[in-house]
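For reference, the chains in residue letters:
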Amino acid sequence: MKNFLGSTTENIERAAALIRNGGVVAFPTETVYGLGADAFNPQAVARVFEIKNRPSFDPLIVHIADFSGMEKLCSSVNALAKKLMKKFWSGPLTLVLPKHKTVPDIVTAGLPTVAVRMPSHSVALRLIQLAGTPIAAPSANPFGFLSPTTAVHVAEQLGDKVDLILDSGQCSVGIESTILDLSGGMPTLLRPGGIPIEEIEKALDRTVLKGNEILSNPKSSGQLPSHYSPRTPIKILNGDRFVPNGKIGLLAFKTLQNDASFRVVEVLSSSGDLKEAAANLFSCLHRLDNAKLDVICAEPVPEVGLGRAIMDRLRRASAPKGNGGL
Ligand code: TXA
Ligand code: MG
């Protein structure tokens, strides 16, 4: 594939030139691969929506490489945001803040707020610096499907539709950023992710509203009941471990089951480490999804720390498709 390139200095420069000229580039971050365009070029951003088949009401995260990027994007940055930026950036935390009037409406889907994050991946940071502009980027997968944690996942799902795919192997965090809305009165969690909410509450010394119940008017596509889905149906196993009939795969948390009921078994972390489990989640799901199974059974993981983000993705992946009309 001619648009699939390693992340050498020369290729990052080539990707940055494409972004400057209105192109769309898939690039690695520490969470998942992003599908990036110049955040200040509405036509380029429109292509991102088109490639992903993403509804235009669903806003994008804008990625910056240094704190000065905030001035271009936000009309104000409150004290809570400053505290969290200092503690968790660069890293998998996205902050929603009032937007600067020059941020195109297509990026924020007409909302008065913008979601911003500073990724910690060196290739992402270099790309943003060389492009000389903040990069608007959703995850590099078709809307509603499994997120890509390798460049091969991007190539399989989006292939030639993208101008260039920068390959930098497996993403280290493997689950999308935590999204926190700081634009209103109370800090509100819009999506559990790579930074556990407990750590954010500790840093702020206050509790955060957990706004990630399923809303009739979701502020974040991660709040849609059905999202992050493989093509194969997923069933979360409950206590009685009822296993359906047919060709069944198992997404195990830590123990490899020697159970003949499963054709394929993927283990998230043999030591039961939630960080390792999060990093492996989407890769395991992509492999199970490619194994031509009737159903994927998933063991629940403990719902603490990164386990909250893992269970959030598994619940949405197993929810009936259709998104209640959305
Ligand atoms: O880790 C990540 O966040 C990855 C990498 C590429 O940075 N990006 C990612 O983007 O997960 P995406 O588009 O798949 O998810 C972004 C989420 C969506 O659910 C969107 O609705 C929400 O962010 N979002 C963006 N702007 C928002 C805003 N102004 N208010 C509320 N939610 C917003
Ligand atoms: Mg996504």
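Residues numbered from 1 in each chain as written. Chains lettered and ligands numbered in written order. Predicted model: local features only at pLDDT ≥ 70, side-chain atom pairs only at ≥ 80, totals over all residues. Heavy atoms only, no water.

Enquirer: Honestly, the domain arrangement of the protein chain in this entry has me stumped. Any pointers?
Expert: How big an interface is tends to be expressed through the accessible area that disappears when the partners come together. Domain assignment breaks the protein chain into domain 1 (4–210) and domain 2 (234–318). In this structure, domain 1 and domain 2 have C-alpha centres spaced 27 Å apart. Domain 1 puts 21 residues into the contact, and the matching count from domain 2 is 17 residues. When residues of domain 1 are sorted by the area they lose upon contact with domain 2, Leu146, Ile175 and Pro192 head the list and together hold 37% of the total. Between the two partners, domain 1 and domain 2, sit two salt bridges. A salt bridge links Glu198 to Arg308, with the nearest nitrogen and oxygen atoms 3.3 Å apart. Where domain 1 meets domain 2, there are nine residue pairs in polar contact (both at pLDDT 80 or more). Contributions of two or more residues to the side of domain 1 that touches domain 2 are made by helix H7 (151–158) and helix H8 (197–204). (Domains from an automatic or database assignment. Contact = heavy atoms within 4.5 Å. Buried area = accessible area lost by both parts, 1.4 Å probe. Salt bridge = Lys/Arg side-chain N within 4 Å of Asp/Glu carboxyl O. Polar contact = N/O pair within 3.5 Å; in protein donor to acceptor, adjacent residues only side chain to side chain. Helix = DSSP H or I, 4+ residues; strand = E, 2+ residues; numbered from the N terminus.)

Enquirer: Is there a simple way to explain the sheet that holds strand E15 (residues 295–298) in this structure?
Expert: Backbone hydrogen bonds are what pair the strands of a sheet, in a parallel or an antiparallel way. Spatially, four strands are ordered E12-E15-E13-E14 in an open sheet, and the strand pairing comes out parallel. A single partner strand is all that each edge strand has here, and the edge strands are strand E12 (234–236) and strand E14 (262–267). Across the sheet, the mean angle from the axis of one strand to that of its neighbour is 25 degrees, orientation sign disregarded. Bridge count between strand E13 (residues 248–252) and E15: four bridges; the pairing is parallel. (Pairing = 2+ DSSP bridges. Axes fitted to C-alpha atoms, helices over the stretch in contact; angles between N-to-C directions.)

Enquirer: What's the story with the pairing of strand E9 (residues 178–181) in this structure? I'm lost.
Expert: Consecutive side chains of a regular strand alternate in pointing toward one face of the sheet and then the other. Neither face of E9 is exposed, since Thr178 and Leu180 on one face and Ile179 and Asp181 on the opposite face are all buried. Two strands pair when backbone bridges link them, and strand E5 (residues 93–98) and E9 are joined in this way by four bridges, in the parallel orientation. In the sheet register, Val96 faces E9, and the bridge partner there is Asp181. Taken together, the three bridges between E9 and strand E10 (residues 188–191) define a ladder with antiparallel strand orientation. Note that in E10 the partner of Leu180 across the bridge is Leu189. Linking E9 back to E10 in an antiparallel pair, the connection comprises six residues. (Buried < 20%, exposed > 50% of the residue type's maximum accessible area, 1.4 Å probe, protein only.)

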